[in-house]
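What the coordinates show
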Amino acid sequence: NKLAFAGLNTRIVVCPKGCTIPRHGHTHAEEIYVLSGKARLNGDLLGPGDLVRTEAGEFQEVEALEETRLIVMNVIDLP
């Protein structure tokens, strides 16, 4: 599905245990807030209440060590 808007984007992402989000980058900064579970982001262990910001051009990869719920906030550009 193509997004019908550009601008600020906030969503809840549910990652089952063992889920990985391969190394990737974004054209804008992104903030990730952990609601529940445990995950590794670029090797750092994250748990409930942790907030991580990656700047534009930085790369990240995520591995869920247990079912993890994240709030992901970033900017979407339409092509």
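The text that follows walks through the structure, step by step, so that each part is easy to find. (Residues numbered from 1 in each chain as written. Predicted model: local features only at pLDDT ≥ 70, side-chain atom pairs only at ≥ 80, totals over all residues. Heavy atoms only, no water.)

1. A closer look at the environment of Cys 15
As for its position among the elements, Cys 15 is in strand 1 (residues 7–15). By relative accessible area, which is 3% here, Cys 15 ends up buried. Considering only alpha carbons, one finds Cys 15 and Glu 67, 52 residues apart in sequence, at a separation of 5.7 Å. If near-sequence neighbours (up to four positions away) are discounted, Cys 15 is found in contact with Ile 21, Ala 64, Glu 66, Glu 67, Thr 68 and Leu 70. (Helix = DSSP H or I, 4+ residues; strand = E, 2+ residues; numbered from the N terminus. Buried < 20%, exposed > 50% of the residue type's maximum accessible area, 1.4 Å probe, protein only. Contact = heavy atoms within 4.5 Å.)

2. A few points about unusual backbone geometry
Excluding glycine, residues mostly carry a negative phi; peptide bonds, for their part, are mostly trans. Positive phi, normally seen in glycine, also occurs at Asn 42, with a value near 50°. Along the chain, Asn 42 turns up in the loop between strand 4 (39–41) and strand 5 (44–46). Given a relative accessible area of 39%, Asn 42 falls into the partly exposed group.

3. A look at the sheet that holds strand 3 (residues 30–36)
Note on sheets: strands pair through backbone hydrogen bonds, and any given pair is parallel or antiparallel. Reading across from one edge, 1-8-3-6 is the order of the four strands in this open sheet, with antiparallel pairing throughout. The strands lining the two open edges of the sheet, one partner per strand, are strand 1 and strand 6 (51–54). Taken pair by pair, the neighbouring strands of this sheet meet at an average axis angle of 20°, ignoring direction. With four bridges joining them, strand 3 and strand 6 adopt antiparallel strand pairing. Looking across to strand 6, one finds that Glu 30 is bridged to Thr 54. (Pairing = 2+ DSSP bridges. Axes fitted to C-alpha atoms, helices over the stretch in contact; angles between N-to-C directions.)

4. Considering the nonpolar core
Listed in full, the eleven residues of the largest apolar core are Cys 15, Ile 32, Val 34, Ala 39, Leu 41, Leu 46, Val 52, Val 62, Ala 64, Leu 70 and Val 72. At the level of secondary structure, the elements contributing two or more residues to this core comprise strand 3, strand 4, strand 7 (59–64) and strand 8 (68–76). Non-local contacts of Ile 32, meaning those with residues more than four positions away in its chain, are made with Asp 50, Leu 51, Val 52, Gln 60, Leu 70, Ile 71 and Val 72. (Core = buried A, V, L, I, M, F, W, Y, C linked by side-chain atoms within 4.5 Å.)

5. Re the packing of aromatic side chains
Counting across every chain of the model gives zero aromatic pairs. The ring of Phe 59 has Arg 23 lying over it, and the distance from NZ or CZ to the ring centre is 4.2 Å. (Phe/Tyr/Trp six-rings, centres within 6.5 Å; stacked < 30°, edge-to-face > 60°. Lys NZ or Arg CZ within 6 Å of the ring centre and 35° of its normal.)

6. Digging into the state of the cysteines
Counted under the stated rule, the structure contains zero disulfides. We note that Cys 15 lacks a disulfide partner, and the nearest cysteine sulfur, in Cys 19, lies 4.2 Å from it. (Disulfide = S-S within 2.5 Å.)

Read these as spatial facts, not as claims about activity.
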